[in-house]
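# Observations on the model geometry
The residues making up each chain are set out below.
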2 protein chains.
Amino acid sequence: MKPIPSFSVFTRIFTLGALLALGAQAFAQTDPLPAWNDGPAKQAIVAFVKDTTDQASPKFVPPAERIATFDQDGTLWVEHPMYTQVMYCLERVPAVVAKKPELKHVEPFKTVLSGNREAMAKLTMKDLEEILAATLTGISVEEFNAEVTKWLAEAKDPRWKRPYTELTYLPMQDVLKYLRANGYQTYIVTGGGQDFVRVYSETTYGIPPEQVVGSAGGTKYGYDKAGKPFLTKEPKLLLNDDNAGKPEGIHLMIGRRPYAAFGNSTGDRQMLEYTQAGAGARLAMLVLHDDATREYAYGPAAGLPDTKVGAFTQALYDEAKKDGWIVISMKNDWKRIFAFDP
Amino acid sequence: MKPIPSFSVFTRIFTLGALLALGAQAFAQTDPLPAWNDGPAKQAIVAFVKDTTDQASPKFVPPAERIATFDQDGTLWVEHPMYTQVMYCLERVPAVVAKKPELKHVEPFKTVLSGNREAMAKLTMKDLEEILAATLTGISVEEFNAEVTKWLAEAKDPRWKRPYTELTYLPMQDVLKYLRANGYQTYIVTGGGQDFVRVYSETTYGIPPEQVVGSAGGTKYGYDKAGKPFLTKEPKLLLNDDNAGKPEGIHLMIGRRPYAAFGNSTGDRQMLEYTQAGAGARLAMLVLHDDATREYAYGPAAGLPDTKVGAFTQALYDEAKKDGWIVISMKNDWKRIFAFDP
């Protein structure tokens, strides 16, 4: 009978397990951004968090003021070849026409129904606005939420054959979690529709609806036949949350200047300027899409012609360099792009 | 030398102190609303919190969805004889005219400068809008915040001779704290100016600026001579956060239906209807100003002629009774009104 050695083996195994656990914990503590490669971008984020959360630092920020804002399309998830919400609107057209058959032979609905991709690519911004108004308004808030929820559960991105909500960037999820673990409130500030993004923001990004700022239309209060009140989505734009509309939207919806802001296109320029114009430590970052293999490469800074969607112009690149904004290279700074990456 | 008895006396005193402290704590635990008299209003609040926070209850509400909205004027603080923000605007007129002397002989500024209270009482809603636009817009967000902060530090209510921010109702402060201690996010939803209320909401109510929904004007992004960006307050109304504008504003700014809503006038009717139309436990309450001695009594339900400010009409009272909204009698339900009350 050798009770003590066997106990000792158990102890040794237990100790080894405990040490491994401790080691993993220590590793997690030293690497809060595991999907990032080491480099200036990662270092800037870690330095910013340390500076603003260390009470002894002159750059300390009280917890209540810790606000970080994130553009969505191209910053938190894939925006190519088409914004997900535009895809939603185009795919909703048949259902809208089924309810209003008079639209069947009217442009731009006729073109969308034809399924002719070449013709659809030629739709103007005015056509698109008409499609957005027809597919996003005129229904109750609850109906809209139900429609988007249903679509998101079924629709798949044509390249990855996965639900759109899986196309969120793992390194940015790291940043969201890291900032929240350090007392930051993380907001989405998107040119996309506020109501659309709110449907999935909590499950996809851990961001509750009240922390989504987006382009927003008005609603109209009314009563159904039973006298129950409800809100109808109106085709009236209250906030065009892009370009200068981003700092304006931040003031309207949050009322505080962010300490950190993340974007990827000219539409985010003013948000980054406004963030950095505040006193103390400020973090302004731009995601550069320069990874044609793992995601997409676009914009002149990636050595490619500029595009309409997510335009990262040379002027933006120059302003970033001049103002000390940090450009994130997807190719070099991101170890993994998606959670489903090996 | 009697060291032990003296030690014992000390112990006894200490123990008595400890017991008193424990007793106070136990009392606080059983009475989360110490400024309230026992009665149906207090009981309704306590029952609502118990129902919605007890995981075993069919009415349990997940923490993320716990939203409570509060009107401000007449619900969280005194609104008579004039809204505090209107007082601010009137008192700002001389400073505005000093900067724009051409307004000196133009109505309605001329009347305000005269100080003639009878003439001022006859100002129309259009006059008032002109005064609001002149005193609240055309300056940067930072200038506005600084002006309001300065005014609040100096201005005093004519009846109580105290800063306006001390005229908040202690029982409602109890409710705010009690709800927050139970995981509720407490929002102000006011017809008053969002930017105005945000200046003092955190210190006065413990409510951060991002949880203040109010009537909101647009801002315009621009740059100063040094190229630094700033936001100018524009005379363009984005959200008239009163009546139907309250549920519309709640949708815009929060994106969730509240579980509890508190108001005191017809301007809060739609917010209460919208709150109560949701499924599960909902709490809709109205403060009735029926205490002419300790505060004010107004509205037909208080047996007094209806007034423009904070109109609590008979129709509202009837809807409250019909829909099961709970009317709070300041006179009977509130043990103390202000923190400075004996």
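Anything mentioned here points back to the structure above.
Quick caveat: nothing in here was measured; it's all calculated off a predicted structure.

### What about the relation of the copies chain B and chain A?
- By a simple turn and slide, chain B fits onto chain A: the slide is 0.0 Å along the axis, the RMSD is 0.0 Å, and the turn is 180°. Taken together, the rotation and translation relating the two chain copies correspond to the operation of a two-fold axis.
- Interface overlap between copies: 100% of the residues of chain B at the interface are likewise at the interface in chain A, consistent with a symmetric, same-surface contact.

### As for the pairing of strand β6 (residues 283-288) of chain B
Residues and elements named next belong to chain B.
- Of all six residues in β6, six are buried, a share of seventy percent or more.
- Burial along β6 is two-sided: the residues L283, M285 and V287 and A284, L286 and L288 are all buried.
- Summarising the sheet, strand β5 (residues 260-263) and β6 pair through four bridges and their orientation is parallel. Looking across to β6, one finds that G263 is bridged to L286.
- Where β6 meets strand β7 (residues 326-329), four bridges bridge the pair, whose relative direction is parallel. By the bridge assignment, M285 is partnered in β7 with I326.

### A short note on the pattern of salt bridges
- Going through the model one piece at a time under the given rule, you end up with 30 salt bridges over all chains.
- A:E319 is the partner of A:R269 in a salt bridge, and the nearest nitrogen-oxygen pair spans 3.8 Å. Taken together, the residues A:R269 in helix α11 (residues 269-276) and A:E319 in helix α12 (residues 314-323) connect sequence positions 50 residues apart.
- We classify A:R269 as partly exposed; its relative accessible area is 27%.
- Judged by relative accessible area, which is 15%, A:E319 ranks as buried.
- With a shortest N-O distance of 2.6 Å, B:D195 and B:K233 are connected by a salt bridge. A residue pair is termed long-range when its members are at least 10 positions apart, and B:D195 in helix α9 (residues 194-205) and B:K233 in strand β4 (residues 229-239) qualify at 38 residues.
- Here B:K233 falls in the buried class, since its relative accessible area comes to 11%.

Quick notes on the rules
- Starting from 1, residues in each chain are numbered consecutively following that chain's sequence as written.
- All chains are assigned letters beginning with A, and all ligands numbers beginning with 1, in the order in which they are written.
- Residues qualify for local features only when their pLDDT is at least 70, as the model is predicted, and side-chain atom pairs are given and counted only at 80 or more; totals for whole chains, interfaces and linings, by contrast, use all residues.
- Side-chain measures were taken over the full set of non-hydrogen atoms in the model, leaving aside hydrogen atoms and water.
- Alignment of the copies relies on least squares applied to C-alpha atoms, considering only residues that score at least 70 for pLDDT in both.
- Contacts are assigned to residue pairs with any non-hydrogen atoms lying within 4.5 Å of each other.
- The buried label applies to any residue whose accessible area, calculated with a 1.4 Å probe on protein chains only, is under 20% of its type's maximum; exposed applies above 50%, and partly exposed to all values in between.
- Each helix is a run of H or I in the DSSP string that is no shorter than four residues. Each strand is a run of E no shorter than two, and both are numbered from the N terminus.
- Here a strand pair is declared whenever DSSP counts at least two bridges between the two strands.
- What makes a salt bridge here is a side-chain nitrogen of Lys or Arg within 4 Å of a carboxyl oxygen of Asp or Glu, nothing more.

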